[in-house]
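For reference, the chains in residue letters:
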Amino acid sequence: MNEGPIQAPAEFYHPSTDFLSQVNIPDPDALRREATDDLEGYWARRAKELEWYAPWTTVLDSSNAPFFQWFVGGKTNIVLNALDRHVKTWKRNKLALIWEGENGDVRTFSYHALNREVCKFANVLKSMGIMKGDRVTIYMPRIPETVIAMLATAKIGAVHSVVYGGFSVESLHGRIEDSESKVIITADGGYMNGKTVELKKIVDEALQRTAAPENVVVVRHTGKDVNMEAGRDYWYHELMALPLTRNSLKCETEVMDAEDPLFILYTSGTTGLPKAILHTHGGYQVGVHATLTDVFDLKEEDRWWCTADPGWITGHSYIVYGPLLAGATSFMYEGAPTFPYPDRWWAMIEKYGISILYTTPTAIRGLMRFGEAWPNRHDLSSLRLLGSVGEPINPEAWKWFHKNIGKNKCPIMDTWWQTETGMFMIAPLPAMSLKPGSGSKPYPGVIADVVDEEGVPVKTGEEGFLVLKTPWPAMMRTIYKDPERYVKSYWSKYPGMYLAGDSARRDKDGYYWIIGRVDDVIKVSGYRLGTAELESAFISHPSVAEAAVIGLPHEIKGIAIHAYVILKNGYTPGEALVEELKHHIGHEMGPIAKPEKIEFVPSLPKTRSGKIMRRVLKARAQGMHEGDLSTLED
Ligand code: WTA
């Protein structure tokens, strides 16, 4: 289970008295007590911060656990709270979204304007026959239309499935097919690192492998020529410009049950087919709204920037829904952090007066390597709070971020959570003292623990499996089309406990230290990839008989992919084939999945039942003791 950074010396960083005097939650322990003493009362109070068409009758229904239900009987729609309630107030004039393209284009949307675009596009979707419950695949660059498409889908009660724009043909194909989407929303392309990513071309290739969905909507963004298939493919701007009678600026928000699905989001697991994590309208909005306003101390005048991509849960919860639920102003940037120079991010923080920056350890490590001169050239004094997510942050990167970006005055909220949890689970509240590398304590109402193989809590400071012992409103409800896998993956190792798939330690102050994944998930640069999905991408190449992939520590990426490949007869190992395989993985899965290293081997260590022992490969690669190999066949 040894992977990830070394535990830091436990030194505390305390927030300043100035900072403390203005925090939303001055007494974190009191909030924690409130939630522990009366979990349902606590979440009911938080739910009342939002609007409902009709109130719930039951806060939490555990009668069919682990299929928990929240705010049962309540009627709502997340768009009621993300847009509708704001445009009725002065907030209609507030900026909801500020966007900058990699080429420097700027677009802004007030709540009024965002709502108008969402209504128009919702009407477009309706005109295409999309109805409540239908799935819509969104495969986009990081542009405002991604947000508009997600909200429009939710508004009419359909279910979005956003596929990260960095994924490629096979990943996209599998997700379109499994979701049985009726429509795909994409763009001609996106900009990344000065190059264009040709998304529509990837969609075309993916659709050759599957029974085509009825329609493809294409946003013109790069302006490059793309293939448009008559009767199937439509330009977004043309649909949006149709006569007002058909595309009115008004669109009623669909009244949803609290437990109706809002979205599915595919994430990697232990089999080749990624699992579609299902979230609902009611509980998700409550959890995301409460955690964002508490943990990031969100205020009316803040300018919030979450650097994630909408294609991952971080983007769903904290680029799209969280900030809009809170009525905040959010900044979104399309491209690479270092384009054209390594100060692009710092320049934009100064230009837009960003006050809260939420990013990843990989990004911090990547920018750190260019030195302090780049941030020092900019006035970063608008920043008041920082955040980190996606992978453990090594104390060195934490301290660099704290000193050079936060100028020693911005607390760093290290938030541990998952696609499955929907919202922050272990994260500080800003009034707390921090330890670099630790996400501190569970969010109020969350009971976490670290247990051994038998489910018994381990001693202070010892490593074990991270589990959660209470339900929370933004929790996943099931795996779409596979409820058995939901029970098996998360709730069967220890009855009554949610198994996170991470190993962790808890120190004498009750602070949690996440060590890393203990299952078949690899976190490359914070991106979640599955070994099985990667291995099947390898096997789809004609030269590969068998493949095994593992994650090994990497200075910038945190973890990088190493692959071991057995070739079919007649293929010669060598540099040319390594390059060809890397290209193949990039084409099938996407650039993020490209392995760091590929080694050709004559055999792979397996159990008697034929399961590849990745643990052994990992131990060997790191020159460590291979542990108990008694079940090993070869
Ligand atoms: C890892 C991302 C350490 C962890 C929101 C988890 C973290 C997985 C942290 C979920 C953190 C996330 N410190 N590790 N602050 N945040 N992780 O579904 O291994 O993409 O299980 O959700 O990321 O990844 P996912």
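Overview of the structure. Predicted model, so just to flag it, every value in this text is computed and none were measured. (Residues numbered from 1 in each chain as written. Predicted model: local features only at pLDDT ≥ 70, side-chain atom pairs only at ≥ 80, totals over all residues. Heavy atoms only, no water.)

**Considerations on the packing of helix α4 (residues 78-87) against helix α6 (residues 144-155)**
Alright, step 1. Where α4 meets α6, the axes come as close as 9 Å, and the angle between the chain directions of the two elements is 120°. Compared by their axis directions, α4 and α6 come out oblique. For the element pair α4 and α6, the recorded crossing hand is left-handed. Only Leu151, Ala154 and Lys155 of α6 make contact with α4, whose side of the interface consists of Ile78, Val79, Ala82, Leu83 and Asp84.
Alright, step 2. In the contact of α4 with α6, the residues fall into six nonpolar, no polar and two charged. (Axes fitted to C-alpha atoms, helices over the stretch in contact; angles between N-to-C directions. Helix = DSSP H or I, 4+ residues; strand = E, 2+ residues; numbered from the N terminus. Parallel < 35°, antiparallel > 145°, perpendicular 65-115°, else oblique. Left-handed = near helix turned anticlockwise from the far one by under 90°. Contact = heavy atoms within 4.5 Å. Nonpolar A, V, L, I, M, F, W, Y, C, P; charged D, E, K, R; others polar.)

**So, the packing of aromatic side chains**
Alright, step 1. For the coordinates displayed, the defined rule picks out 36 aromatic pairs.
Alright, step 2. With a centroid separation of 6.3 Å and an interplanar angle of 85°, the aromatic rings of tryptophan 345 and tryptophan 346 are classed as edge-to-face. Per residue, the accessibility class of tryptophan 345 equals that of tryptophan 346, and both read buried.
Alright, step 3. Between the aromatic rings of tyrosine 358 and phenylalanine 424, the centroid separation amounts to 5.9 Å while the plane-to-plane angle is 80°, which identifies the pairing as edge-to-face. In this pair, tyrosine 358 is assigned in strand β18 (residues 356-359) and phenylalanine 424 in the loop between β20 (412-415) and β21 (448-451), connecting sequence segments 66 residues apart.
Alright, step 4. By way of ring pairs, the aromatic residues Phe67, Phe68, Trp472, Tyr486, Tyr490, Trp491 and Tyr498 are connected into one cluster.
Alright, step 5. Sitting above the plane of the phenylalanine 465 ring, lysine 493 keeps its charged end 4.8 Å from the centroid. (Phe/Tyr/Trp six-rings, centres within 6.5 Å; stacked < 30°, edge-to-face > 60°. Buried < 20%, exposed > 50% of the residue type's maximum accessible area, 1.4 Å probe, protein only. Lys NZ or Arg CZ within 6 Å of the ring centre and 35° of its normal.)

**Regarding helix α8 (residues 199-208)**
Alright, step 1. Within α8, seven of the ten residues are buried, which leaves it mostly tucked inside the rest of the structure.
Alright, step 2. Listed in full, the buried residues belonging to α8 are Leu199, Lys200, Ile202, Val203, Asp204, Ala206 and Leu207.
Alright, step 3. Buried residues along α8 sit against α7 (169-179), β8 (183-187), β9 (190-192), β10 (195-197), β11 (215-219) and β12 (233-235).

**Concerning the nonpolar core**
Alright, step 1. Ranked by internal contacts, the top residues of the largest apolar core, which has 151 residues, are Trp43, Phe71, Phe121, Leu151, Phe296, Tyr321 and Trp346.
Alright, step 2. The element that contributes the greatest number of residues to this core is helix α5 (residues 111-127), accounting for nine residues.
Alright, step 3. Residues contacting tryptophan 43, with those up to four places away along its chain left out, are Trp70, Phe71, Val286, Gly287, Ala290, Met423, Tyr443, Pro444 and Pro473.
Alright, step 4. The next biggest cluster of nonpolar side chains, apart from the first, holds 39 residues, and it includes Leu207, Ile522, Ala593 and Ile598. (Core = buried A, V, L, I, M, F, W, Y, C linked by side-chain atoms within 4.5 Å.)

**Observations concerning empty space enclosed by the protein**
Alright, step 1. By the definition in use, this model includes three cavities of 30 Å³ or more.
Alright, step 2. The computed volume of the second largest cavity comes to approximately 70 Å³.
Alright, step 3. Lining the second largest cavity, in full, are Val162, Val163, Tyr164, Phe167, Arg175, Leu265, Tyr266, Thr267, Gly311, Trp312, Ile313 and Thr419.
Alright, step 4. With three residues, strand β14 (residues 261-267) is the largest single contributor of residues to the lining of the second largest cavity.
Alright, step 5. Residue composition of the lining of the second largest cavity, by class: eight nonpolar, three polar and one charged. (1 Å grid on protein atoms, 1.4 Å probe; cavity = no way out; pocket = protein on both sides within 12 Å on 5 of 7 lines; lining within 4 Å. Points joined across faces, edges and corners; volume = space filled by probe spheres on them.)

**A short note on the site of the ligand**
Alright, step 1. Neighbouring the ligand are 17 residues, the closest being Asp414, Thr419, Asp502, Arg517 and Arg528.
Alright, step 2. Here a nitrogen atom of the ligand sits 3.3 Å away from a polar atom, N or O, in the main chain of glutamate 391.
Alright, step 3. In this structure, an oxygen atom belonging to the ligand sits 2.9 Å away from a side-chain N or O atom of glutamine 418.
Alright, step 4. In isolation the ligand offers 520 Å² of accessible surface; the protein chains occlude 97% of this area.
Alright, step 5. Every element with two or more residues in the shell around the ligand is listed here: α11 (313-325), β20 and β25 (512-517). (Near = heavy atom within 4 Å. Polar contact = N/O pair within 3.5 Å; in protein donor to acceptor, adjacent residues only side chain to side chain. Areas by Shrake-Rupley, 256 points an atom, 1.4 Å probe, with all protein chains shown as cover.)

**What about the side chain of glutamate 334?**
Alright, step 1. The residue glutamate 334 is located in the loop between β17 (329-333) and α12 (344-352) in this model.
Alright, step 2. One buried charged side chain, glutamate 334, makes no salt bridge at all; its nearest oppositely charged neighbour is arginine 344, positioned 7.5 Å away.
Alright, step 3. Side-chain polar atoms of glutamate 334 contact the side chain of histidine 221, separated by 2.8 Å.
Alright, step 4. Apart from the residues within four sequence positions on either side, glutamate 334 is in contact with Trp99, Glu100, Gly101, Glu102, Pro141, Arg142, Ile143, Gly190, Tyr191, Met192 and His221. (Lys, Arg positive; Asp, Glu negative; His and termini not counted. Salt bridge = Lys/Arg side-chain N within 4 Å of Asp/Glu carboxyl O.)

**Concerning the sheet that holds β25**
Alright, step 1. Taken together, the four strands give an open sheet; going across it, the order is β21-β22-β24-β25, and neighbouring strands pair in antiparallel fashion. Where the open sheet ends on each side, the last strands, each with one partner, are β21 and β25. Each strand axis lies, on average, 45° off the axis of its neighbour in the sheet, ignoring direction.
Alright, step 2. One ladder, built from five bridges, connects strand β24 (residues 498-506) with β25; its direction is antiparallel. Opposite aspartate 502, over in β25, you have arginine 517 as the bridge partner. (Pairing = 2+ DSSP bridges.)

**Things to note about the environment of phenylalanine 331**
Alright, step 1. Note that phenylalanine 331 resides in strand β17.
Alright, step 2. Residue classification places phenylalanine 331 among the buried residues on the basis of a relative accessible area of 1%.
Alright, step 3. Dropping the residues within four chain positions of it, phenylalanine 331 is found in contact with Ile98, Trp99, Glu100, Trp304, Trp305, Cys306, Met348, Tyr352 and Ile354.

**Structural notes on the packing of α7 against α8**
Alright, step 1. The N-to-C vectors of α7 and α8 enclose an angle of 60°; their axes lie 9 Å apart at closest approach. Looking at the two axes, α7 sits oblique to α8. Of the two elements, α7 crosses α8, and the hand of that crossing is right-handed. Only Ile202, Val203, Glu205, Ala206 and Leu207 of α8 make contact with α7, whose side of the interface consists of Val169, Leu172, His173 and Ile176.

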